[in-house]
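For reference, the chains in residue letters:
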Amino acid sequence: EISEEKEAAAKQLKLQLSAVQGQNEKLSAKLAVLERAAGDSEAFKEEMTERVAAAERRVYAVTKERDVLRKESERKGDSAMLLKEKDAIIKEVMEEGEKLSKKQAEMEGSIKKNRSAMKELEAERDRFKSRLEGEEAKG
């Protein structure tokens, strides 16, 4: 009987051992899956960290470019305003030049008329002078 009891106990232990080994294998498989997932999540975390860093670099670069473009735009706005002012000055100078040109033409016309009148008066004076001298010689 003791041997039968020992055999029955040994069978029972074998069954328990077999069940424990089955559970051990299942747990080992689950552990392997979890380790792969942890490795994958670590790789995923690393990839996301790299992507975030790249995105931050792009944001910084775009922000810098935006600031440069804003400054250029402001400078161009200043240049456009300066150009408008220069155009206005040029227009004023051109108008003043036209007025002066017209005035000069009028003055030159007046000078020609005055010279012509002066020549006529000198010619008339010379005629009167000749006549006077002729009258004085007669008289």
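## Describing the overall build of the protein chain
Piece 1. Assigned secondary structure in the protein chain consists of 1 helix and 0 strands.
Piece 2. By the compact-globule yardstick of 14 Å for 139 residues, the protein chain is too spread out, its C-alpha radius of gyration being 58 Å.
Piece 3. On the principal axes, the C-alpha backbone points of the protein chain span a range of 200 × 10 × 10 Å.
Piece 4. Expressed as a percentage of the 139 residues in the protein chain, the buried residues total 0%.
Piece 5. Of the roughly 13500 Å² that the protein chain leaves accessible, carbon and sulfur atoms contribute 57%.

## Focus: the pattern of salt bridges
Between side chains of opposite charge, a pair can form as their charged atoms come close.
Piece 1. Scanning all chains against the criterion turns up 3 salt bridges.
Piece 2. Here Arg66 and Asp67 are joined by a salt bridge, their closest N and O atoms 2.9 Å apart.

## Section: a negative patch on the surface
Piece 1. Where like charges cluster on the molecular surface, the negative patch consists of Glu1, Glu4, Glu5 and Glu7.
Piece 2. Relative to the helices and strands, Glu5 resides in helix H1 (residues 2–138).

## Digging into the environment of Lys112
Piece 1. Topologically, Lys112 is positioned in helix H1.
Piece 2. A relative accessible area of 63% places Lys112 in the exposed class.
Piece 3. As for Lys112 and Ala55, which are separated by 57 residues in sequence, their C-alpha atoms are 83 Å apart.

Thresholds, definitions, all that
Residues numbered from 1 in each chain as written. Predicted model: local features only at pLDDT ≥ 70, side-chain atom pairs only at ≥ 80, totals over all residues. Heavy atoms only, no water. Helix = DSSP H or I, 4+ residues; strand = E, 2+ residues; numbered from the N terminus. Rg over C-alpha atoms; globule rule 2.2 N^0.38 Å. Buried < 20%, exposed > 50% of the residue type's maximum accessible area, 1.4 Å probe, protein only. Areas by Shrake-Rupley, 256 points an atom, 1.4 Å probe, with all protein chains shown as cover. Salt bridge = Lys/Arg side-chain N within 4 Å of Asp/Glu carboxyl O. Patch = residues over 30% accessible without salt bridge, like charges linked within 9 Å, V, L, I, M, F, W, Y side chains within 5 Å. Lys, Arg positive; Asp, Glu negative; His and termini not counted. Charge placed at Lys NZ, Arg CZ, Asp CG, Glu CD.

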